[in-house]
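This is what each chain is made of:
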Amino acid sequence: MTNELHQLLDHIGYSPRPQQEKLFDLLSNVNNRGVIAQAGTGTGKSIAVLAAAARAYHDTGIQSLIVTPTRILQDQYMAKDAPAAAACFDLSITELRGKRWYDCDRSIDLIEDGGKGCMGKDSGCSLPKWELANELREPKTLEDGSQEEIPNKYACGYQEAKWHAKRAQIVVTNTDFWIINDRLLPDKIFNPEGAVFVDESHQLEAKLKDYAGRSVQSKELDKYYAAGSTLVRLMVKFREGNSSRVGGDVIGAMGACWSEGPYVEEGKSGPSDRSVEVHEALEVMLARADGDSENCILWSDGWSLKLDWIDISTSARGLLTARPFGLVSATIPNSMPSALGVADTALVEDVGHPFDYAKQATLSISEVDGSFKYAGSKVNFEERVNELKDKIRKTKGGCLLLFSSFADMKRVREAIAPRMEFDGRTVLVQKDEITPRTNDELAAMFKADGRAILFGSESFATGFDVPGDALELVSIWKLPYPGKDPVTEAMIKRFYVRYRDMMLTRIVQGAGRLIRTETDRGHLHIADARAEDIVN
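Residues numbered from 1 in each chain as written. Predicted model: local features only at pLDDT ≥ 70, side-chain atom pairs only at ≥ 80, totals over all residues. Heavy atoms only, no water.

Draft legend 1. Region of the structure containing the overall build of the chain. What the chain contains, in helices and strands, is 20 helices and 17 strands. The proportion of buried residues among the 536 residues of the chain is 48%. A separation of at least 24 residues holds for 75% of the contacts in the chain among residues at least 6 apart in sequence. By element, 49% of the accessible surface of the chain is carried by carbon and sulfur atoms, the whole surface being about 25900 Å². (Helix = DSSP H or I, 4+ residues; strand = E, 2+ residues; numbered from the N terminus. Buried < 20%, exposed > 50% of the residue type's maximum accessible area, 1.4 Å probe, protein only. Contact = heavy atoms within 4.5 Å. Areas by Shrake-Rupley, 256 points an atom, 1.4 Å probe, with all protein chains shown as cover.)

Draft legend 2. Seen up close, a nonpolar patch on the surface. On the surface, a cluster of nonpolar side chains totalling about 230 Å² of accessible area is made up of Leu363, Ile534 and Val535. Along the polypeptide, Leu363 turns up in strand 12 (residues 361-365). Overall, the relative accessible area of 44% leaves Leu363 in the partly exposed class. (Patch = residues over 30% accessible without salt bridge, like charges linked within 9 Å, V, L, I, M, F, W, Y side chains within 5 Å. Salt bridge = Lys/Arg side-chain N within 4 Å of Asp/Glu carboxyl O.)

Draft legend 3. How the structure looks around helix 3 (residues 45-60). The end-to-end C-alpha distance of helix 3, which contains 16 residues, comes to 22 Å, matching closely the 22 Å that a straight helix rising 1.5 Å per residue would cover. Of all 16 residues that make up helix 3, 12 are buried, and the element is covered over most of its length. Taken together, the buried positions of helix 3 are Lys45, Ser46, Ile47, Ala48, Val49, Leu50, Ala51, Ala52, Ala53, Ala54, Arg55 and Ala56. Just downstream of helix 3 lies Gly61, where phi reads positive at about 75 degrees. (Expected span 1.5 Å × (residues − 1).)

Draft legend 4. Geometry of the packing of aromatic side chains. For the coordinates displayed, the defined rule picks out nine aromatic pairs. With a centroid separation of 5.3 Å and 20 degrees between ring planes, the pair formed by Tyr481 and Tyr499 is classed as stacked. Taken together, the residues Tyr481 in the loop between strand 16 (473-476) and helix 18 (486-494) and Tyr499 in helix 19 (residues 496-511) connect sequence positions 18 residues apart. Exposure remark for Tyr499: the relative accessible area of 5% places this residue in the buried category. (Phe/Tyr/Trp six-rings, centres within 6.5 Å; stacked < 30°, edge-to-face > 60°.)

Draft legend 5. Inspection of the side chain of Asn380 at higher detail. Relative to the helices and strands, Asn380 resides in helix 15 (residues 378-393). Judged by relative accessible area, Asn380 falls into the buried class, the value being 8%. Residue contacts for Asn380: discarding those within four places in its chain leaves Val368, Asp369 and Tyr374.

Draft legend 6. Region of the structure containing the pattern of salt bridges. Taken as a whole, this structure holds 24 salt bridges when the rule is applied. Residue Asp390 pairs with Lys394 through a salt bridge whose shortest N-O separation is 3.3 Å. A relative accessible area of 33% places Asp390 in the partly exposed class. A salt bridge links Asp528 to Arg530; its shortest N-O distance comes to 2.6 Å. Among the ionic contacts, a cluster of salt bridges with common partners joins Arg71, Asp75, Glu95, Arg97 and Asp440.

Draft legend 7. Inspection of the layout of surface pockets at higher detail. In this structure, the second largest pocket occupies an estimated 1300 Å³ of space. Ser46, Gln76, Asp81, Asp465 and Arg516 are the residues nearest the centre of the second largest pocket, which is lined by 44 residues in total. Going through the elements one at a time, helix 3, helix 4 (71-89) and helix 17 (439-449) are the ones with two or more residues in the lining of the second largest pocket. Considering every element that reaches the lining of the second largest pocket, the biggest residue donor is helix 4, with nine residues. Considered class by class, the residues forming the lining of the second largest pocket number 13 nonpolar, 17 polar and 14 charged. (1 Å grid on protein atoms, 1.4 Å probe; cavity = no way out; pocket = protein on both sides within 12 Å on 5 of 7 lines; lining within 4 Å. Points joined across faces, edges and corners; volume = space filled by probe spheres on them. Nonpolar A, V, L, I, M, F, W, Y, C, P; charged D, E, K, R; others polar.)

Draft legend 8. Representation of the packing of helix 18 against helix 19 within the structure. Closest axis-to-axis distance for the helix 18/helix 19 pair is 5 Å, and the angle between their directions is 120 degrees. Our classification of the angle between helix 18 and helix 19 gives oblique. Where helix 18 approaches helix 19, its residues Thr488, Met491, Ile492 and Arg494 are matched on the opposing element by Tyr496, Tyr499 and Met502. Grouping the constituent residues of the contact of helix 18 with helix 19 by class yields five nonpolar, one polar and one charged. (Axes fitted to C-alpha atoms, helices over the stretch in contact; angles between N-to-C directions. Parallel < 35°, antiparallel > 145°, perpendicular 65-115°, else oblique.)

Draft legend 9. Molecular detail of the sheet that holds strand 8 (residues 296-300). Pairing is antiparallel across the open sheet formed by four strands, whose spatial order is 6-9-8-7. The sheet is open, and its two edges are formed by strand 6 (214-217) and strand 7 (244-245), each paired on a single side. Bridge analysis of strand 6 against strand 9 (residues 304-309) gives four bridges, and the strand direction is antiparallel. Looking at strand 9, one finds that Val216 is bridged to Leu305. Contacting strand 7, strand 8 and strand 9, helix 18 crosses the sheet at an angle of about 150 degrees to strand 8. (Pairing = 2+ DSSP bridges.)

Draft legend 10. Inspection of the sheet that holds strand 2 (residues 64-68) at higher detail. One open sheet holds the seven strands; their spatial order is 3-4-2-5-10-1-11, and the pairing between them is parallel. Only two strands of the sheet have a single partner each, and these edge strands are strand 3 (93-96) and strand 11 (347-352). On average, each strand axis in the sheet is inclined to that of its neighbour by 20 degrees, with strand direction left out of account. The pairing of strand 2 with strand 5 (residues 196-198) spans three bridges and is parallel. Within the sheet, the bridge partner assigned to Leu65 lies in strand 5 and is Val196.

Draft legend 11. Representation of the packing of helix 15 against helix 16 (residues 406-422). In the contact formed by helix 15 and helix 16, the axes pass within 11 Å of each other and the chain directions differ by 40 degrees. By the angle between their axes, helix 15 is oblique relative to helix 16. Between helix 15 and helix 16 lies a crossing of right-handed hand. Side by side, helix 15 and helix 16 meet where Phe381, Val385, Leu388, Lys389, Ile392 and Arg393 of the first sit next to Arg411, Val412, Ala415, Ile416, Arg419 and Met420 of the second. Looking at side-chain class alone, the contact of helix 15 with helix 16 contains eight nonpolar, no polar and four charged residues. (Left-handed = near helix turned anticlockwise from the far one by under 90°.)

Draft legend 12. Spotlight on the confidence of the model for the chain. Mean pLDDT for the chain: 87, with 89% of residues reaching 70 or above. Low pLDDT (under 50) marks residues 107-116, which in the prediction has 13 contacts with non-local residues, meaning those over four places away or in another chain. Note on residues 119-135: pLDDT is under 50 here. Beyond four places in sequence and across chains, it has 31 contacts. (pLDDT = per-residue confidence, 0-100.)

Draft legend 13. Layout of the environment of Glu193. With respect to the element layout, Glu193 can be found in the loop between helix 6 (175-184) and strand 5. Taking the C-alpha atoms as reference points, Glu193 and Ser64, separated by 129 residues in sequence, lie 8.8 Å from one another.

Draft legend 14. Just the side chain of Glu200, in detail. Examined against the element boundaries, Glu200 turns out to sit in the loop between strand 5 and helix 7 (204-212). This buried residue, Glu200, is left without a salt bridge; Lys45 holds the nearest opposite charge, at 5.2 Å. Excluding residues within four positions of it along the chain, Glu200 makes contact with Pro69, Leu73, Val328, Ser329 and Gln509. (Lys, Arg positive; Asp, Glu negative; His and termini not counted.)

Written as structure tokens, this is what we have:
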């Protein structure tokens, strides 16, 4: 019997893989208890997810939702696989992003990197916030039997996108929109009863924590509140020592600021969008200061007030189990189901991967410790750098060098790049101050060169797809543990396994850039002796 996966693969001219078929079988039977599926690199996850979303719609007649935690992944879906699925199944598949990505009659050009889209009330738009120049509505059947033509010109491209999203059979969107739709909006954009599929779901916990957290800069407090200067003075002491949880004096000053109400700039009829957001953030912080202190932390680094979550499992469980759900990733840490509150309900399966890593990749680990206690050791640094230089010189293809801090990246770059450029290698650097380029531009240049050396952060550990000889070496400078602050310190005390899993996930994701097809060959180098404990 032909199913949606086979139909879609036939449509685009691919053959099914056993791992892909198993993934589709799991996802096509999702319910409110949930499915969590680990599917290795090269499985063809996006095709299986789209096919499962189509199956869910065919079975129920209810809109399916695909959630991508990153813009890069959403772009990948919409550039190729989603249009193919729409044509194959004759379904309406659309996407929805944040409003700044859409054009309007006040901002004609489509939004590109560095541009600005709808900025809400702060943009000076003369139209009411969400009013349309032409009503978005279904076409009417005229007396002659023809369909009424609806004008294409809208005042707000964002509203047009929401109109299409409400009527589509499958929608590809981001984590924030999913949360806002299912938990906050009275008038839903997406059908809250349809199945939801989350790709790269190992990032879901962090995305949910980011959404639930709050941050206010000291300069905003000073600008928006008369009592803000007092609060900022209290925060200055955190710059002189270690980042720390705030005490009663800071909380009292926060309350004084909040009691003033949202700031209204002179000559304006009402508060700006950001001043309202700052005021709402203070309200949330004050509420959390009195309760739920085990699951979140109110702290300051001296420059900002921050509310961060340690445990988001209760909220995650409520969001996930409200509808049938399937979570997919190449890396599912053992602690992930518990972190999302569904360890007792979800079916967790590993469908495998199509590659023979033992034959296609080799591994080397430095004999030198890369931990923080040796950060000031010149001998330690030089030994690790010399090892890395040796690995690079032996390659004929490209090299991706991954770092968990930009400070480390800059230091290693200064030690390596001049010699490599002298040898004729192209050196590309993320956030280069001299030649700034976007990640997309760097990726395109890396692929085109074939022998380039790319210095990148963890953002290149996901969504960076370079099959073939253009990527021969992936290097991870040190075990990528999350940086130490009150949040990670609290996590270590309560959820050390989860803290360690975060590091392991980053390593696996970075290593996954190396082998993308059955014919790829490459080398993984971890410049940190502590990795031996992981391998063994």
